[in-house]
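Per-entry structural report
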Amino acid sequence: MQYKKIYPADVIKHIVCFFWEFEGGFTESEPYAHGLTASVNPKLAFQYNGLMHIQHDNDASPVFQSGFQCQTSAHLTISATQPVGIFGTYFYPYAIPLLFGIPAQALTNYNIEISDVLSTEGVELAERMMTCRDTAERVATMTSFLTNKLSKGPNSPKDMIATVNYITAHSGKVDINELVNRNFLSQRQFERKFKSWVGFPAKLFTRIVRFEACLANAVASSQSLVQLSLDSGYYDQSHMIRDFKEFSGTHPRSYLTENHSSFFE
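The rules behind these values
Residues numbered from 1 in each chain as written. Predicted model: local features only at pLDDT ≥ 70, side-chain atom pairs only at ≥ 80, totals over all residues. Heavy atoms only, no water. Axes fitted to C-alpha atoms, helices over the stretch in contact; angles between N-to-C directions. Helix = DSSP H or I, 4+ residues; strand = E, 2+ residues; numbered from the N terminus. Parallel < 35°, antiparallel > 145°, perpendicular 65-115°, else oblique. Left-handed = near helix turned anticlockwise from the far one by under 90°. Contact = heavy atoms within 4.5 Å. Nonpolar A, V, L, I, M, F, W, Y, C, P; charged D, E, K, R; others polar. Salt bridge = Lys/Arg side-chain N within 4 Å of Asp/Glu carboxyl O. Buried < 20%, exposed > 50% of the residue type's maximum accessible area, 1.4 Å probe, protein only.

Turning our attention to the packing of helix 4 (residues 158-169) against helix 7 (residues 202-220). Where helix 4 contacts helix 7, the two axes come as close as 9 Å, and the packing angle between them is 40°. With respect to each other, helix 4 and helix 7 are oriented oblique. Considering how the two elements wind past one another, helix 4 and helix 7 form a crossing that is right-handed. Two secondary-structure elements touch here, helix 4 through Val 164, Ile 167 and Thr 168 and helix 7 through Phe 205, Thr 206 and Val 209. Taken together, the residues of the contact of helix 4 with helix 7 sort by class into 4 nonpolar, 2 polar and no charged.

So, in structure tokens, the structure goes:
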């Protein structure tokens, strides 16, 4: 199994955190399964070799060959019993409306075919991506596509981008009322605008950001759960465990028995 990140060119680095590529020679006798947690970051993925599956209880259904795994408050498990190769783009939370003019909440909690979002344009992009010869060509193709979309997209909402970046920089440990005041909006106006750009109400967004920061810290350190919860801004360990179960489907101790370090490098 190989997972690697490729960082974007300056022209798109405000909307793309990184590109990623995942390959593995999985088989029926040596299958792969990985739990995906809640995330505020939408992704666009192209499976150029094989097909992963999404597992629901004891059933598994194929994931789209090319499509969006949008920002989500849910958790799921993906699996493979054959060799796979996937190239993806890991976006900042506000990228979808900025690139495509689609309100973020319209896609929240969806895994959706690219053609259902971008119609013919999406089909053509998927075809180009599937014929790329290597990683460098995939990166170049996506960079060109995204640069072109930015030139035609809506004006950048600097206030919302600044707010989102403030929340993530502080690992979700922020006061919502302070954010409302910083934007000079009423509570209702702020919530409506915020949700249209990132897909979640501000309170849920900050909870998921805090959870994701906690997750990264847990993988990178050997802190006790008590210390981890306090450092992550939770009132106590029970609050952290509650969010862990809601957003990952498992207890933090169970999650940390698996090796997730390569995904957090």
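Let us now look at the pattern of salt bridges. Applying the stated criterion across every chain yields a total of 10 salt bridges. Glu 21 serves as the salt-bridge partner of Arg 138, at 2.9 Å between the closest nitrogen and oxygen. Residue Arg 138 is found in helix 3 (residues 135-152), and its partner Glu 21 is found in strand 2 (residues 16-25); the two are separated by 117 residues along the sequence. Taking relative accessible area as the criterion, Arg 138 reaches 7% and is therefore assigned buried. For the salt bridge of Arg 210 with Asp 243, the shortest nitrogen-to-oxygen distance reads 3.5 Å. Of this pair, Arg 210 sits in helix 7 while Asp 243 sits in helix 9 (residues 237-248), and the two are 33 residues apart along the sequence. Per residue, the accessibility class of Arg 210 equals that of Asp 243, and both read buried. Several salt bridges converge on common partners, so that one network encompasses Arg 207, Arg 210, Arg 242, Asp 243 and Glu 246.

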